[in-house]
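# Observations on the model geometry
This is what each chain is made of:
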Amino acid sequence: MSAAAKLPRWAELVLLPLVNLTVALLLSGLIVLLLGESPWTAFKLMLSGSLGSQEGIGYTLYYATNFVFTGLAVAVAFHAGLFNIGAEGQAYVGGLGTGLVALWLGNAPALVVLPLAILAGALFGAAWAFLPAWLQARRGSHIVITTIMFNFIAAALMTYLLVNVLIKPGQQSPETREFGANAFMPAVHELLAKIGVTFAGTPFNLAFGLALIAAALVWVFIWHTRWGFALRVSGENATAAVYAGIVPSKIIVGAMLLSGALAGCLGLNELLGAQHRILIDFTGGAGFVGIAVSLMGRNHPVGIVVAAILFGALYQGGSQLAFDLPKINRDMVVVIQGLVILLCGAMENVFRAPLTKVFVIFRRESAAK
Amino acid sequence: METYTLIVLLLAATIRVATPLLLAALAGMFSERSGVIDLGLEGKMLGAAFASAAVSAISGSAWLGLGAGIATAVLLALVIGFACITHRGNQVVAGTAVTIMVVGLGPTLALAWFNLGGHTPQLDGPGQRFVGLVWPWAQPAREHPLPGLLYAELLSGHNLIVYLAAALVPLSAWVLYRTRFGLRLRAVGENPHAVETAGISVNALRYRALIISGVLCGIAGTYLSTAASSGFVRDMTAGKGYLALAALIFGKWRPWPTLGACLLFAFTDALAVRLQGVALPVVGVIPVQFILALPYVLTVLLLAGFVGRAVAPHAIGVPYAKEK
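All values reported here derive from a predicted model rather than from experimental measurement. (Residues numbered from 1 in each chain as written. Chains lettered and ligands numbered in written order. Predicted model: local features only at pLDDT ≥ 70, side-chain atom pairs only at ≥ 80, totals over all residues.)

## Quick notes on the overall build of chain A
Keep this limit in mind: Going along the chain from the N terminus, every DSSP run of H or I of four or more residues is numbered as a helix, and every run of E of two or more is numbered as a strand. This radius of gyration counts C-alpha atoms alone. The globule rule is 2.2 Å times how many residues there are, raised to the power 0.38. With C-beta atoms placed from the backbone, a contact is any residue pair whose C-beta atoms sit within 7 Å.
Across its full length, chain A holds 16 helices and zero strands. Here the C-alpha atoms of chain A give a radius of gyration of 22 Å, agreeing with the 21 Å that 2.2 N^0.38 yields for 369 residues. By principal-axis analysis of the C-alpha atoms, chain A measures approximately 75 × 55 × 40 Å. Of the contacts formed within chain A by residues at least 6 apart in sequence, a portion of 75% connects residues at least 24 apart.

Set out below in structure tokens:
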């Protein structure tokens, strides 16, 4: 491919993801057609279910919060040239940290317990990312494989802890007792009620604000600090980084600790904000959605927030779909998610070449005039 | 005597658990040796499990099911190939995406076609499943425990796919190390530029490797839904594709050591089932989760170089761009 033919920046950042997304949705529509339902009806249902009501918007943003955290986690690692496929496990273990603090200090003042819970979530998440990072940095163990393995190890560990240690005595399902009320992340509808605004009751909570703050901090860190610069250089060209005096192993470990910490914050939304207890599989695949969110958002915090809201809408709209159309269940959301990851993440080159050609023709024509 | 019987039964269970692992690990061996990371093993297997159970339920033939399973897995492999080989997309993302898509697609199609809440009908008609083949004199041989029980439980009584998987190990080793295709396949995973220089198409070789991977995953998936159980249920691969990947790494991308790793991992799995809630001398009850996590821990240790060293094919994960 010649270097001269390149897409303009806006097309690379906005148009190409939109084209990919549209193709993914068209393919999803084809599957819906195959199932014997009307794709247009399905699309309208998803749109109205996710963005057409206060309740829909609340749920959309609640789901989006998880995806912002995991999306940022994947993106930070990406910038350092690392593929963190273990956000799922880091979020799971991070939630353990958050949950333990909430169980322990649930009746302490909220201003004490909430910051500690955030800190614990980030610490536990970072700790779970540390070993794969260290092994990549020092022993050259492929981080994609080790993080996958750590996802399974995390799942086994959490099942063990929930079944044998943390389970609320006298019940069957493996989950802890409810946190003390002070450890609840305040819900947005409750806060709005205090200032006299009524909003439908949803799990949408303050963790969304924390996610936005995290996105802003990541932006500052990656593009406006020395450390972030070193991280990007290392990700772009590891050899050049070494000549510039950057120590690769420090970057690898540092980036992965930050990535794990971000993933570990998922529990703030899911556990403190919604479930109010630790339970099996509360991450629900958000770590993998984070890969899609990061790819679609071009690893930029603004893009990630937009992509996360889009995926949130997809989740919420999908449940509406499963509710209203008898031939479709919630699994359809997973299909669409897979198609979006495939088209936006792995097949983006498919449409890049034709798009570039179109732009080249346009440029020639405008040059001829 | 009772311990002996227990051990034999444990080993027989090991063989049953190892079969899909082995097939998937060999599948991964072909694609990874050609330089393509195969994170789609799980998805290809799951897709095949659904297709074979669905077709077997409709047609009444396990063989047609097997065909459908293989066709589905090959199709998914070609999707990955189209993204990663033709368009040089990210291999990790492509494999993960295909897996996620299939995780949703299986239950979705099952619900729409069979209306049974996301699984396929029970396969209980004649010829709908691959059933155990009892070897001659297996029944009377049980009377004589020492060689007889071994014969009856370990050699006899498995279904066709188990024997096929066992035969595929030497066959894969032969293809990989003794044929021209195998030599080229190994070369393309180490140094694709050198292969291209010799006038051989890198992309064609990698596509062929992915198709082989699809065929083997197709057999593995068919085993899960139409031999080991009787029908497709949601998430029935349950991470076996990733466990197979771990076994492949543990076997250092070689056929015979991979067989060993699969047997080891399958043994821990079978052991975990047996040890559930059993108090052992000295250590007491070992939590079943610890045993189940063991293969992953071992693989990490191996990757870290603490127990041996696993060196991946050199060009793995790097899309190949032909020089112009």
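## Some points on the overall build of chain B
As a reminder, the rule being used: Here a residue counts as buried when 20 or more other C-beta atoms fall within 10 Å of its C-beta, as exposed when 12 or fewer do, and as partly exposed in between; the C-beta atoms come from the backbone.
A tally of regular secondary structure across chain B gives 13 helices and two strands. Here the C-alpha atoms of chain B give a radius of gyration of 20 Å, agreeing with the 20 Å that 2.2 N^0.38 yields for 324 residues. Buried residues in chain B amount to 53% of all 324 residues.

## Topic: the interface of chain A and chain B
Quite often, the size of an interface is put as the accessible area lost when its parts meet. Let me state the cut-off plainly: Throughout this entry, Asp, Glu, Lys and Arg are counted as charged residues, while Ala, Val, Leu, Ile, Met, Phe, Trp, Tyr, Cys and Pro are counted as nonpolar. The remaining residues, Gly among them, count as polar.
Counting residues at the interface gives 40 residues for chain A and 39 residues for chain B. Of all the elements in the fold, those that place two or more residues in the side of chain A that touches chain B are α5 (110–139), α6 (143–165), α13 (286–296), α15 (331–346) and α16 (348–368) of chain A. Ranked by the residues each element gives to the side of chain A that touches chain B, the list is headed by α15(A), at 12 residues. Residues belonging to the side of chain A that touches chain B are distributed by class as follows: 25 nonpolar, 11 polar and four charged.

## A word on helix α3 (residues 62–86) of chain B
Selection rule: How far a helix is expected to stretch is found by multiplying one less than its residue total by 1.5 Å.
For α3(B), which comprises 25 residues, the first-to-last C-alpha distance of 34 Å matches the rise-based estimate of 36 Å (1.5 Å per residue) to within 8%. Where α3(B) ends, the next residue or the one after it, B:R88, has phi of about 50°, a positive value.

## Here we look at the environment of A:Y160
Tracing the chain through its elements places A:Y160 in helix α6. Taking the C-alpha atoms as reference points, A:Y160 and A:T239, 79 residues apart in sequence, are found 43 Å from one another. Here A:Y160 is in contact with B:P287, B:Q289 and B:F290, once residues within four sequence places are set aside.

## Here's the deal with the nonpolar core
Heads up, the rule is: To define a nonpolar core, we join buried Ala, Val, Leu, Ile, Met, Phe, Trp, Tyr and Cys residues through C-beta atoms within 7 Å and take the resulting set.
The biggest cluster of nonpolar side chains holds 236 residues, and the ones touching the most others in it are A:L72, A:F311, A:L342, B:L21, B:A220 and B:A247. Aside from chain neighbours lying at most four places away, what touches A:L72 is A:A214, A:A215, A:V218, A:L262, A:P301 and A:I304.

## Observations concerning the packing of helix α3 (residues 54–79) of chain A against helix α4 (residues 87–104) of chain A
Residue and element names in this part refer to chain A. Worth spelling out the cut-off: Only the contacting stretch of a helix is used when fitting its axis, a line to C-alpha atoms as for every element, and angles between N-to-C directions run 0 to 180 degrees. When an angle is under 35 degrees it counts as roughly parallel; over 145 it counts as roughly antiparallel; between 65 and 115 it counts as roughly perpendicular; any other value is oblique. Helix crossings get a hand from a simple test, with the near helix turned counterclockwise from the far one by less than a right angle marking a left-handed crossing and a clockwise turn marking a right-handed one.
Orientation of α3 relative to α4, taken along the N-to-C sense of each, is 125°, at an axis distance of 10 Å. Between α3 and α4, the angle is such that the two are oblique. For the pair α3 and α4, the sense of crossing is right-handed. Of the residues in α4, those in contact with T70, A73 and V74 of α3 are A87, Q90 and A91. Of the residues belonging to the contact of α3 with α4, the class tally is four nonpolar, two polar and no charged.

## A short note on the confidence of the model for chain B
The criterion, for reference: The predictor reports its confidence for every residue as pLDDT, a score running from 0 up to 100.
On average, residues of chain B carry a pLDDT of 88, and 98% of them reach 70 or more. Across the interface, the model reports ipTM at 0.88; the global pTM reads 0.89.

## Quick look at helix α12 (residues 266–275) of chain A
Residues and elements named next belong to chain A. Counting buried positions over the 10 residues of α12 gives nine, a clear majority of the element. Where α12 is concerned, the buried positions are L266, G267, L268, N269, E270, L271, L272, G273 and A274. If you follow the buried residues of α12, they end up packed against α3, α4, α5, α8 (207–224), α11 (248–264) and α13. Immediately downstream of α12, the backbone of H276 shows phi near 60°, a positive value.

## Some details on the packing of α3(A) against α12(A)
For any two helices packed against each other, the geometry is given by the interaxial angle and the distance between the axes. Residue and element names in this part refer to chain A. Contact geometry for α3 and α12: axes closest at 7 Å, N-to-C directions at 155°. As far as their axial angle goes, α12 and α3 are roughly antiparallel. Here Y62, T65, N66, F69 and T70 of α3 come into contact with α12, specifically with L266, N269, E270 and A274. Residue composition of the contact of α3 with α12, by class: four nonpolar, four polar and one charged.

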